[in-house]
Amino acid sequence: MSESNPIADLQALEKEALAAVKSAQDRESLEEVRVMYLGRSEGRLSAILRGLSQVPVERRPEVGKSANAVKERVSTALEARQSELVAPSAESELDLTMPGRSRWRGGLHPITQAVDEIWHIFRDLGFARARGPEADTVWYNFEALNTPLDHPAADEQDTLYLVDSVLLRSHTSPVQMRTMEANEPPIRIIAPGWVYRRDTYDATHTPAFMQIEGLVIDEGITFVDFKATLAEFARRYWGPDTQVRFRPSYFPFTEPSAEVDVKRIITRPDGTQYETEWLEIMGSGMVDPNVIANAGYDPERYTGWAFGMGPGRIAMLKHGVQDLRTFFENDIRFLEQFAR
Amino acid sequence: MNVSTKWLIDLVPGLAGGPEEISEHLALRGAPVDDITSPGRDLSDIIIGRVIRARQHPNADRLRVCEVDNGEETVQIVCGAPVVKDGACYPLAPVGSILPGDFKIKRSKIRGEVSHGMLCSAKELGLGDDHSGIMELVGDFTPGESFIDAVGLNDFTLDVEVTANRGDLLSHVGIARELAASGEGHIELPEIPDVSDLPFEYQTGAPEVGHAGFSVRIEDENLCHRYIGAVIRGVNVKSSPEWLQARLRGAGARPVNNIVDATNYVLLELGQPMHAFDLAELRGQSVIVRGASQKETKFVTLDGETRPISSDMLMICDEEVPVAIAGVMGGNNSEVSDRTVDILLECALFDPKATRTTRRKLGMSTDASYRYERGVDPEGLRSAMERCIQLVLSTAGGELELPILDCNPVPFESSTVELRVSRIEKLLGIPFEAGYVGDLLAPLGFTVEKETDGVLHVRVPGFRSYDVTREVDLIEEVARTHGFDNFPDTLGPQRVSSVADHPLFQLEDRLRAVLVGHGMFEVQTPAFCPEGEGDVEVSNPLTTVEPFLRSSLMPSLLRRVEYNMARGNRDVRLFELGTSFHKRGSGEPPLEEPHLAGILTGRREPPHWSREDEEFSIWDLKALVVDIVGRVYGEEVMIESGGVKCPTLLDDDMCIYVREGSGDIVGYAGRVTDEASDLPVWAGDVWSFELALPRNPSKGTEVVVIPLPQFPASERDLALLLPPAVTSGEVAEAIRGSAGPDLEALEVFDLYVGEGIPAGVRSVAFRLRFRSIRKTLKDKQVDKNMSAVLKRLEEDLGVEARA
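Residues numbered from 1 in each chain as written. Chains lettered and ligands numbered in written order. Predicted model: local features only at pLDDT ≥ 70, side-chain atom pairs only at ≥ 80, totals over all residues. Heavy atoms only, no water.

## Considerations on the overall build of chain B
Within chain B, the secondary structure is distributed over 17 helices and 42 strands. Against the 2.2 N^0.38 benchmark of 28 Å for 803 residues, chain B shows a C-alpha radius of gyration of 42 Å, more extended than a compact globule. When the backbone C-alpha atoms are referred to their principal axes, chain B occupies close to 125 × 85 × 60 Å. In chain B, 68% of the contacts between residues at least 6 apart in sequence involve partners at least 24 apart. Here chain B contributes 82 positively and 129 negatively charged side chains, and the mean placements of these two sets differ by 5 Å. (Helix = DSSP H or I, 4+ residues; strand = E, 2+ residues; numbered from the N terminus. Rg over C-alpha atoms; globule rule 2.2 N^0.38 Å. Contact = heavy atoms within 4.5 Å. Lys, Arg positive; Asp, Glu negative; His and termini not counted. Charge placed at Lys NZ, Arg CZ, Asp CG, Glu CD.)

## Some details on the interface of chain A and chain B
At the junction of the two partners, chain A supplies 101 residues and chain B supplies 97 residues. A buried area of about 8,500 Å², summed over both sides, lies between chain A and chain B, and 56% of it is on carbon and sulfur atoms. For chain A, the biggest contributors to the area lost against chain B are Trp104, Arg129 and Arg131 of chain A; these three give 11% of the whole. At the boundary of chain A with chain B, the tally comes to nine salt bridges. A salt bridge links Arg245 of chain A to Glu24 of chain B, with the shortest nitrogen-to-oxygen separation between them at 2.9 Å. Between the two partners, chain A and chain B, sit 49 residue pairs in polar contact (both at pLDDT 80 or more). Its residues assigned to classes, the side of chain A that touches chain B shows 50 nonpolar, 21 polar and 30 charged. (Buried area = accessible area lost by both parts, 1.4 Å probe. Salt bridge = Lys/Arg side-chain N within 4 Å of Asp/Glu carboxyl O. Polar contact = N/O pair within 3.5 Å; in protein donor to acceptor, adjacent residues only side chain to side chain. Nonpolar A, V, L, I, M, F, W, Y, C, P; charged D, E, K, R; others polar.)

## Regarding the sheet that holds strand E15 (residues 215-218) of chain B
The strands that make up a sheet are held in pairs by hydrogen bonds between backbone atoms, and each pair lies either parallel or antiparallel. Residues and elements named next belong to chain B. Strand order across the open sheet formed by six strands is E14-E15-E18-E21-E22-E23, with mixed pairing between neighbours. Single-partner strands in this sheet number two, and they are strand E14 (208-210) and strand E23 (329-330). Where E15 meets strand E18 (residues 286-291), four bridges bridge the pair, whose relative direction is parallel. Pairing of Val216 across the sheet is with Val287, part of E18. (Pairing = 2+ DSSP bridges.)

## Describing the confidence of the model for chain A
Averaged over every residue, the pLDDT of chain A is 89; the share at 70 or more is 96%. Averaged over each element, pLDDT in chain A is lowest for helix H3 (residues 44-50) of chain A (78) and highest for strand E1 (residues 128-129) of chain A (98). (pLDDT = per-residue confidence, 0-100.)

## Observations regarding the nonpolar core
Counting 105 residues, the largest nonpolar core has Phe122 of chain A together with Leu419 and Phe432 of chain B as the members making the most contacts within it. Of the residues forming this core, the biggest block, nine residues, is contributed by helix H8 (residues 223-238) of chain A. For Phe122 of chain A, the residues in contact, after removing those within four places along its chain, are Phe127, Ile190, Leu230, Phe233, Phe307 and Met309 of chain A. (Core = buried A, V, L, I, M, F, W, Y, C linked by side-chain atoms within 4.5 Å. Buried < 20%, exposed > 50% of the residue type's maximum accessible area, 1.4 Å probe, protein only.)

## Description of the pairing of strand E4 (residues 64-69) of chain B
Residues and elements named next belong to chain B. The sheet contact formed by strand E3 (residues 47-56) and E4 spans six bridges and is antiparallel. When the bridges of E4 are listed, Arg53 appears paired with Glu67. As paired strands, E4 and strand E5 (residues 74-79) are joined by six bridges and run antiparallel to one another. In the sheet register, Arg64 faces E5, and the bridge partner there is Cys79. Following E4, the chain reverses through four residues before pairing antiparallel with E5; Gly71 in that reversal takes a positive phi of roughly 100°.

## Regarding the domain arrangement of chain B
All names here are of chain B. Each assigned domain of chain B is listed here: domain 1 (2-39 + 156-184), domain 2 (47-150), domain 3 (202-407), domain 4 (419-485), domain 5 (503-692) and domain 6 (714-801). Facing nine residues of domain 2, the contacting portion of domain 3 comprises four residues. Both sides of the domain 2 and domain 3 interface together cover about 520 Å² of buried area, and 49% of this is carbon and sulfur. When the area that domain 2 buries against domain 3 is broken down by residue, the three leading residues are Leu127, Met135 and Val138, summing to 65%. Where domain 2 meets domain 3, there are zero salt bridges. At the junction of domain 2 with domain 3, the criterion picks out one residue pair in polar contact (both at pLDDT 80 or more). Of the residues assigned to the side of domain 2 that touches domain 3, the class counts are five nonpolar, two polar and two charged. (Domains from an automatic or database assignment.)

## Side note on the environment of Glu280 of chain A
All names here are of chain A. Relative to the helices and strands, Glu280 is located in strand E11 (residues 279-287). When neighbours within four sequence positions are excluded, Glu280 is seen to be in contact with Arg247, Glu259, Val260, Asp261, Arg313 and Leu317. Separated by 3.5 Å, the side chains of Glu280 and Arg247 make a polar contact.

## Digging into the packing of aromatic side chains
Residues and elements named next belong to chain A. Summed over all chains, the structure comprises 23 aromatic pairs over all chains. Aromatic pair Tyr297 and Tyr302: ring centres 5.6 Å apart, planes at 55°, arrangement tilted. Across this residue pair, the class does not change: Tyr297 and Tyr302 are buried. Over the aromatic face of Tyr237 sits the side chain of Lys318, whose NZ or CZ is 3.9 Å from the ring centroid. (Phe/Tyr/Trp six-rings, centres within 6.5 Å; stacked < 30°, edge-to-face > 60°. Lys NZ or Arg CZ within 6 Å of the ring centre and 35° of its normal.)

## Some words on the state of the cysteines
Disulfide: a covalent bond connecting the sulfur atoms of a pair of cysteines. All names here are of chain B. In this structure the tally under the stated criterion is one disulfide over all chains. Disulfide partner of Cys646: Cys655, at an S-S distance of 1.8 Å. Linking Cys646 and Cys655, the disulfide has an S-S dihedral of approximately -90° and is accordingly described as left-handed. Its relative accessible area of 7% is what places Cys655 among the buried residues. A disulfide-free cysteine, Cys79 has its sulfur positioned 5.0 Å from the sulfur of Cys66, the nearest such atom. (Disulfide = S-S within 2.5 Å.)

## Some thoughts on unusual backbone geometry
Across residues other than glycine, the phi torsion is negative in most instances, and most of the peptide bonds are trans. Here the bond from Pro185 of chain A into Pro186 of chain A is cis, since omega is 0°, no more than 30 degrees from zero. Positive phi, close to 50°, is recorded for Arg111 of chain B, a residue that is not glycine. Assignment of secondary structure puts Arg111 of chain B in the loop between strand E9 (108-110) and strand E10 (113-115). Overall, the relative accessible area of 55% leaves Arg111 of chain B in the exposed class.

## Focus on the domain arrangement of chain A
In terms of domains, chain A is made up of domain 1 (6-93) and domain 2 (110-338). With centres defined by C-alpha atoms, the gap from domain 1 of chain A to domain 2 of chain A works out at 87 Å.

## Things to note about a positive patch on the surface
Residues and elements named next belong to chain B. A surface patch of positive charge is lined by Arg774, Lys775, Lys778, Lys780 and Lys784. Examined against the element boundaries, Lys784 turns out to sit in helix H17 (residues 779-797). Judged by relative accessible area, which is 58%, Lys784 ranks as exposed. (Patch = residues over 30% accessible without salt bridge, like charges linked within 9 Å, V, L, I, M, F, W, Y side chains within 5 Å. Areas by Shrake-Rupley, 256 points an atom, 1.4 Å probe, with all protein chains shown as cover.)

## Remarks on the packing of helix H11 (residues 434-441) of chain B against helix H12 (residues 471-482) of chain B
All names here are of chain B. Here H11 crosses H12 at 85°, and the two axes come no closer than 9 Å. Considered as vectors, H11 and H12 are oriented roughly perpendicular to each other. In contact with Tyr436, Val437, Leu440 and Leu441 of H11, H12 contributes Leu474, Glu477, Val478, Thr481 and His482. Split by residue class, the contact of H11 with H12 holds six nonpolar, two polar and one charged. (Axes fitted to C-alpha atoms, helices over the stretch in contact; angles between N-to-C directions. Parallel < 35°, antiparallel > 145°, perpendicular 65-115°, else oblique.)

## A look at the pairing of strand E22 (residues 322-325) of chain B
Residue and element names in this part refer to chain B. Sheet analysis places strand E21 (residues 314-317) next to E22, joined by three bridges and oriented antiparallel. Bridged to Ile316 within E22 is Ala324. Remark: four residues form the turn of the hairpin made by E21 and E22, two consecutive strands paired antiparallel. Where E22 meets E23, two bridges bridge the pair, whose relative direction is antiparallel. What sits directly across from Ala324, in E23, is Gly330. Taking the residues between adjacent antiparallel strands as the criterion, E22 and E23 are bridged by three residues, where Gly327 takes a positive phi near 75°.

In structure tokens form, the structure reads like this:
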């Protein structure tokens, strides 16, 4: 037997084996590589170790140590490749069905959303928003609005008083007078805001609630404009198929006065449709000439119309809320449903 | 106003449709119906039974055994009533029928005698409180007939909502008039049975009218324009006939006796309140309408209540004492009773405002006062009186004493209102013909007296004299009768509004969007609060729990957190935009300030498998407040801590405040103290802020772009040792003041305390970024800047760099 160099053989074997490991493309071929190099009986490393007897005694420990080191390194490479073949790349260790990392979601109060939706329609119809104080005087809340305090009409809004002639406004209508005083026609405003009544809490009443006032004052404004604008609003808000009805009523500050009712067509999830009852959505009418005169305008020259509606009631109708108090409890599980 | 459908149909012959259709008509006339009920509901099983013979129960003293004709056969019924008349008719609940209250009638044996059903009392049928005996039916009846058909309870009661201006609709005739005007025919008063044509004679006078037998005197003609009194002698007070009782029940009223029922009938039919006095109880032969005297301070009304009266109240008096509160309620000292023989009927016209003042002062409202407040027909008094007399004579007998006394110091003068066709068109927006306008108004009782050059002179009937006084009132009648639905609704051109959108709404919109972006929920809470949370008091609160208006929104938000936590909601982030109220001078409206408040508790981010949960801290709150404040007040605002008393809810040691450019404190933020909140043990820290918003916010300064840098920046880190009294804010200010104009940015990037640092000293690491807009900065220049910074820090604050 020629003089062999077992260390060099081991080095060559290691190089070859590692290359084979690297090039193995699946677990079967990797197993073949293992058997070929490390197999107990047929493996080439085993063969070298079996030939250790040919090696001079003094070199045996060195060669043996080297052979074991090669075995270890090839084994490690095999294991590493094995796990690579199970999960072919580091990126694909991700399980994308795991939940994502979110941030808290917030939301606007449902009544704010109702007010905003109503406001956006009126904005498109040329209106701006106006505001006034929540604590106001008897003059602005009643007298200027053609409602003498000794008339039964003043009873219908049982009022909360602060001192003498100062009260918590029982409707947003005082904003009509304040806006007329501070501006000149043409006036087209809505005024959302809190109003107060001497009511206890029940399913449909709260002592404080939101109202939206509307006012239009100009030359040549007629009952037809009034009907047309509010019918247009109702169809934009409730849907184009909505029927709108104007029903005579009485408010001291408008004449003629009307309640506005809508009847909606609702489509069920299965595609079938049904018609609702008439739903009362607002009180309205042509501004009473006494109100126009109280603002310092000439009622022969200027006419107009006004309305008042409750966005809380409208939100109840729209979202199927059964109890008005739910809006003020502010349970976040309720509010979350409106966080859209 | 409860309206009987049968009564309406009798008033408007030819009125078609059932209660639903009538309701729909009324809704479109401005008098919507809230509810439809039937006085005969639950009584459809009851039939008429005639007692053939009643005998004593053999085994019970208090029971009677009756042979009753039920229309088909004769059955035996045991009855506990004290009086059962042979030959009389009673409501019979046969075996198998169900009485109100779900009471089923079974065949039974009572003390050995079989009973096939039950003869009923009014109370058992839900028709009254009378339980003393079974309900004897007055009139002709056929055994076996349906009870509700036989007595006229097959009616529907409409609960009509009458607006405050339409006192004339508080009567069946008024409602009928509206129906007739919508093309349903004309009105005819139903006939009263067994009534003979009476000659009515009046004696008129003012302020006193009378004859030998009786007199009426009005002392205050401003509060009582007219008083008609009629004396009827020899009446027989008893139950009304079934037709009258049924009529009242159909209109939601309880029958009492024939005299009271007659007055109620007239009230319900014509809207004229009537009152009957027991003449024998009146001292002296006269009635005086006057104010209560100083001595008269108490009066017992016929409901048995003792009422405090005062001299501003108008009273009906005999020669000695008051016997009724005018327009409100009679007294129990002159009430009609079973023993009454002679009566005085009152039909009067009292002042609406005075009646309202009186009844409000007494804290009561009656059918009479409700109508007087809203105005009764000044032209209808005599016909109402005559109708009432006919009813009394028909149902109670007796003799009318003539003449009837009509004291009328202020005769009614009808008014004429001018109506311009041009004004109708200007207001309503479509053309109208004068003739058509007259046609629209006529069925409502208005008369066009003349028409000249497009101006109609319209006479207003008495029953509309309260609400129709101006041209526009007539225009409403024209629009209403023409039909609101018959006006087009085509949108015409409109001029642009002169009013700008209020800037506070716009600021609120922006803030809402920002806070929702921060993951917060907007809440709305009423402004009421308990004492201690505000200084503006409601003078007539309905509850004593929250009689004040809040000066701060924070307590309301904290209560919402408590509410949520009580329901297991741990992560709560809320904000509210609302008004804060503050007391001003006496008699002045309070100061109102728009506020924004927020509250945070729980985890700062939703839980996720990749990270540990982290709770909100002061640093989250501070960053939020800085963001919000910057958007509201711009850069001119200082965030400070210490030196100011924080609101009671907040921890003084964990509180910052916001000072506006002018020096005013406009907001607070901090940790809610444990004492201030009522939270479960598992609750974490609660963080809250509140900020006053400007009432009229400016649009803010316009953005003017800073050109993007063209030269590289140079960064230097500086670890500084801050002695205990020195704050990072002071250090930052000193750095900015000394680093020269090229300092572009300054940030804190680390804080270290512990080993290698003396106790009480903090090592705070700052990163300074220098950049020139003109050139690339040389290291030498930056080093020079840094030296200046260090020098200033050492000299001013005793702060040194960490070695």
